[in-house]
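Single-letter residue listing:
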There are 2 protein chains.
Amino acid sequence: MTSEHSAPASGETPSATEIDDLVIVIPAGGVGSRLWPLSQPHRPKFLLDLLGTGATLIQDTVARVRPLSSRVLVVTGERHVDAVAGQLDLPREDLLTEPSPRDSMAAIALAAAVVEHRWGPRVIGSFAADHLIPDAASFRATVARAVEVAREGKVVVIGIEPTEPSTAFGYIEMGEALTGAARHVVAFTEKPDAETAAGMLARGGFAWNAGMFVVRTDALLGHLDRLQPALAAGVREIAAAWDGPARAEVLARVWPTLTRIAIDHAIAEPVAAAGGVAVVPATFEWHDVGDFDSLAELSGVAGTAVSIHRTAPVGAVGAAGALVVGGTKPVVIVGVDDAVVVESDEALLVTVRSAAQRVKDASASLETA
Amino acid sequence: MTSEHSAPASGETPSATEIDDLVIVIPAGGVGSRLWPLSQPHRPKFLLDLLGTGATLIQDTVARVRPLSSRVLVVTGERHVDAVAGQLDLPREDLLTEPSPRDSMAAIALAAAVVEHRWGPRVIGSFAADHLIPDAASFRATVARAVEVAREGKVVVIGIEPTEPSTAFGYIEMGEALTGAARHVVAFTEKPDAETAAGMLARGGFAWNAGMFVVRTDALLGHLDRLQPALAAGVREIAAAWDGPARAEVLARVWPTLTRIAIDHAIAEPVAAAGGVAVVPATFEWHDVGDFDSLAELSGVAGTAVSIHRTAPVGAVGAAGALVVGGTKPVVIVGVDDAVVVESDEALLVTVRSAAQRVKDASASLETA
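Calculation criteria
- Within any chain, residue numbers begin from 1 and follow the written order of that chain's sequence.
- Chain letters start at A and ligand numbers start at 1, both assigned in the order the entries are written.
- Predicted model: local features are reported for residues with pLDDT of at least 70 only, side-chain atom pairs are reported and counted for 80 or more only, and whole-chain, interface and lining totals are derived from all residues.
- As a convention, hydrogens and water are excluded, and side-chain values are obtained from all of the structure's heavy atoms.
- Note on aromatic contacts: the rings of Phe and Tyr and the six-membered ring of Trp form a pair at centre separations within 6.5 Å, being stacked when their planes are under 30 degrees apart, edge-to-face when over 60 apart, and tilted otherwise.
- Strands here are runs of E lasting at least two residues and helices are runs of H or I lasting at least four, both read from the DSSP assignment and numbered beginning at the N terminus.
- Between buried and exposed lies partly exposed: a residue is buried under 20% and exposed over 50% of the maximum accessible area for its type, with that area taken using a 1.4 Å probe on protein chains only.
- Working rule: Lys NZ or Arg CZ, within 6 Å of ring centre, within 35 degrees of ring normal, means a charge sits over the ring.
- How sure the predictor is of each residue is captured by pLDDT, a score from 0 to 100.
- Here, residues are in contact when the closest pair of their heavy atoms is within 4.5 Å.
- Like-charged residues are merged into a patch within 9 Å and nonpolar side chains (Val, Leu, Ile, Met, Phe, Trp, Tyr) within 5 Å, provided each residue has over 30% relative accessible area and no salt bridge.
- The Shrake-Rupley method, run with a 1.4 Å probe sphere, supplies the accessible areas, and residue values consider only the shown protein chains as cover.
- For salt bridges, the criterion is a side-chain nitrogen of Lys or Arg within 4 Å of an Asp or Glu carboxyl oxygen.
- For this count, His and the chain ends are skipped, Lys and Arg are scored as positive, and Asp and Glu as negative.
- The location of each charge is read from NZ of Lys, CZ of Arg, CG of Asp or CD of Glu.
- Accessible area, probed at 1.4 Å, shrinks when two parts are joined; the buried area is that loss added up over both.
- Contacts described as polar in this section are N or O atom pairs within 3.5 Å, which, within protein, must combine one atom able to donate a hydrogen with one able to accept it, while residues neighboring in sequence count only if both atoms come from side chains.
- Basically, the charged four are Asp, Glu, Lys and Arg, the nonpolar ten are Ala, Val, Leu, Ile, Met, Phe, Trp, Tyr, Cys and Pro, and anything else, Gly included, counts as polar.

Some details on the packing of aromatic side chains
Residues and elements named next belong to chain A.
Thinking step 1. One pass over the structure, following the stated rule, counts 10 aromatic pairs over all chains.
Thinking step 2. Note on phenylalanine 127 and phenylalanine 139: the rings are 5.1 Å apart at their centroids and 75 degrees apart in plane angle, and the pair reads as edge-to-face. Remark: phenylalanine 139 occurs in helix 4 (residues 136–150) and phenylalanine 127 occurs in the loop between strand 4 (123–126) and helix 4; sequence separation between them is 12 residues.
Thinking step 3. Relative accessible area serves as the criterion here: at 3%, phenylalanine 127 is assigned to the buried category.
Thinking step 4. What links up through ring pairs into an aromatic cluster is the set Phe127, Phe139 and Phe284.
Thinking step 5. Against the face of phenylalanine 139 rests arginine 64, its NZ or CZ located 5.8 Å from the ring centre.

Focus: the confidence of the model for chain A
Thinking step 1. Of the residues in chain A, 95% reach a pLDDT of 70 or more, and the chain-wide mean stands at 93.
Thinking step 2. Low confidence marks residues 1–15 of chain A, where pLDDT is under 50. Its contacts with residues over four positions away, or in another chain, come to 27 contacts.

Considerations on a negative patch on the surface
Thinking step 1. Together, Asp135, Glu164, Glu285 and Glu297 of chain A make up a negatively charged patch on the protein surface.
Thinking step 2. Within the secondary structure, glutamate 297 of chain A is located in helix 10 (residues 292–298).

Focus on the interface of chain A and chain B
Thinking step 1. Counting residues at the interface gives 34 residues for chain A and 34 residues for chain B.
Thinking step 2. Surface buried jointly by chain A and chain B totals about 2,700 Å² across both partners, of which 67% is contributed by carbon and sulfur atoms.
Thinking step 3. If you look at where chain A meets chain B, you find two salt bridges.
Thinking step 4. Ionic pairing is found between lysine 329 of chain A and glutamate 343 of chain B, a salt bridge with its closest N-O pair at 2.7 Å.
Thinking step 5. Joining chain A to chain B, the criterion identifies 14 residue pairs in polar contact (both at pLDDT 80 or more).
Thinking step 6. Broken down by secondary-structure element, the contributors of at least two residues to the side of chain A that touches chain B are strand 11 (314–317), strand 13 (331–334), strand 14 (339–343), strand 15 (348–352) and helix 11 (362–367) of chain A.
Thinking step 7. The biggest single contributor to the side of chain A that touches chain B is strand 15 of chain A, with five residues.
Thinking step 8. For the side of chain A that touches chain B, the class distribution of residues is 22 nonpolar, six polar and six charged.

Side note on the pattern of salt bridges
Residue and element names in this part refer to chain A.
Thinking step 1. Under the definition given, this model contains 28 salt bridges over all chains.
Thinking step 2. Here arginine 43 and glutamate 346 are joined by a salt bridge, their closest N and O atoms 2.9 Å apart. Placement of the pair is arginine 43 in the loop between strand 1 (22–28) and helix 1 (57–65) and glutamate 346 in the loop between strand 14 and strand 15, with a sequence separation of 303 residues.
Thinking step 3. Between arginine 253 and glutamate 237 there is a salt bridge, with the nearest N and O atoms lying 2.9 Å from each other. Taken together, the residues arginine 253 in helix 8 (residues 247–254) and glutamate 237 in helix 7 (residues 229–242) connect sequence positions 16 residues apart.
Thinking step 4. Look at arginine 253 and you get partly exposed, because its relative accessible area is 41%.
Thinking step 5. Given the relative accessible area of 34%, glutamate 237 is considered partly exposed.
Thinking step 6. Via salt bridges that share partners, Asp94, Arg118 and Asp243 belong to a single interconnected network.

Now the structure itself:
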């Protein structure tokens with residue numbers, strides 16, 4: 001489902017229609033350590049207004065999904081739940097608090113089990129809290145198409161059409177056509193090296209795995225019963241107690257026992273191998289904004305410097321394409337192309353776009369400095 | 001005269017002896033625009049404690065020369081005279097204030113004329129306010145030797161033995177031996193290109209021109225009478241009025257008419273061509289600290305980062321040899337070797353050592369930003 005295909009020419013406007021049997025799940029975890037010092041353990045990426053638009057990533061995510069469903073559940077850590085509640089206009093009972101991080105399978109399975117316990121079997125669509133999708137209407141149209149496929153019992157992923165041989169994302173190998181635009185998933189691949197990525201882009205038939213899952217709760221929990229029975233039993237027990245007086249006791253007792261595993265390894269890969277996963281291809285622009293190189297690209301850095309969250313001027317002498325974030329003083333960059341200068345209340349980062357991935361080690365470097 | 005030659009083995013300790021007929025002149029001008037944002041028009045380089053030693057460059061300069069003479073005159077601009085007075089323990093009448101910059105010849109000639117008017121003919125030694133010489137004793141021993149030559153009527157320059165084929169300095173071509181260690185000056189050359197500099201270093205017989213002049217006031221003013229008669233007459237008229245009630249009137253009337261010319265062009269070059277300039281070679285370490293590359297070298301930046309004027313830690317990830325000056329927050333540099341990060345109250349500079357010369361355009365880049 002591409003943005004062109006969802007245009008009014010088709011006579012449908014699925015993006016404007018609420019989908020009765022859909023509940024949105026937003027797992028809000030992950031620090032985003034390559035965006036240090038903006039992101040920090042106490043202030044993870046999803047709480048940031050990275051682009052200076054006035055909306056944080058999680059606010060933007062909720063605004064994007066809400067026309068699809070009035071039921072939006074956010075799963076986040078105890079440390080961040082107050083900040084999330086402050087940023088979002090959601091009922092407090094729809095913020096599911098994890099006592100400790102147990103990886104994405106526990107978070108999404110808990111949400112699925114709570115959904116099913118509250119409202120009976122539903123389709124859930126799970127979307128990360130910290131990605132950026134400029135064309136929300138195209139996104140929603142794609143989700144609507146994915147819901148149609150999910151209703152038949154498949155685990156459905158949304159696959160982003162690659163625009164470059166990125167080594168930063170996992171890939172989805174797409175097989176034969178299923179229904180509509182959906183195709184079978186042959187396999188998921190981990191983040192490839194550059195040569196493998198170039199080969200996949202040249203061969204075609206691969207999509208980026210953006211971690212977007214659309215699936216019936218009973219299908220998901222059924223797979224889980226079979227593949228991770230202890231985890232399934234655990235989240236079902238917690239979900240049964242969630243809206244009652246025993247929640248705290250059950251959560252404290254059961255949550256720490258849940259297996260730490262990503263949904264990709266727990267469900268997506270084994271179910272795909274058995275032919276149970278479908279992919280709905282999408283061509284909407286999607287960014288995980290994982291590092292400052294990605295942020296610079298998103299911000300439209302070209303021949304000149306781009307500033308975010310600052311008003312003081314930026315000068316350049318023999319230095320093209322700078323990204324300057326935060327700080328109150330004038331900044332001048334001399335003789336460093338693609339410079340990235342980021343100032344938070346706590347620290348100053350100086351790097352270049354080509355080194356953006358290594359920023360994840362920046363915080364640790366201070367501890368030994 | 002090298003530091004080795006001035007060791008106690010010679011039985012002399014000229015560096016500890018005040019020289020009765022010597023007056024020190026310190027022209028304190030020049031912004032030092034390649035050290036922006038530390039140096040600025042309102043806060044020129046000579047007023048800065050660049051290395052964080054606790055002494056500014058002009059304080060360090062005065063401390064270095066004072067054992068040679070209790071008479072130290074500083075020539076500086078109106079805009080900076082209060083700051084200079086605040087930094088130095090000198091009688092106010094020994095701070096000669098220029099109403100406007102008229103280049104080095106007017107500054108030094110005015111000082112020479114004031115000296116001669118106050119005390120009669122003397123030897124003056126003129127040394128820039130913003131250079132760094134770690135071995136002050138060796139410097140003073142060299143000056144003492146230069147004074148001996150100057151007493152005979154020569155214009156004497158101190159020539160620094162080159163340690164590399166620098167393109168940042170002018171060179172002195174040294175000729176036949178004169179007396180003691182002194183040699184005739186064949187010619188002065190402007191800052192050379194790299195090839196010329198390498199050739200001079202290979203051939204030998206060249207010294208860096210550090211702008212250090214030692215000369216009798218009557219010899220200097222005599223040359224000026226002949227070569228720049230209007231300038232000579234002007235400074236003599238101002239000097240005659242300097243310590244009396246007419247100073248302000250004469251200064252306001254005459255100073256603006258003085259020719260703007262450097263002492264190199266007005267005196268050193270033409271007098272050298274006529275055989276009247278001598279050079280005393282010196283091997284003491286000398287730095288003009290003209291840019292952040294020079295400051296980094298002086299600060300001993302090696303495999304790790306060096307901090308000046310800051311206490312917060314500096315981290316590095318794949319980044320060797322950083323120089324970080326000022327600022328209160330932790331700084332991390334990722335993937336940029338030889339980074340230079342400088343923060344003043346007014347601005348932040350990000351550059352690399354190899355681009356240090358281009359920092360002179362940094363301030364202007366903000367005006368068009």
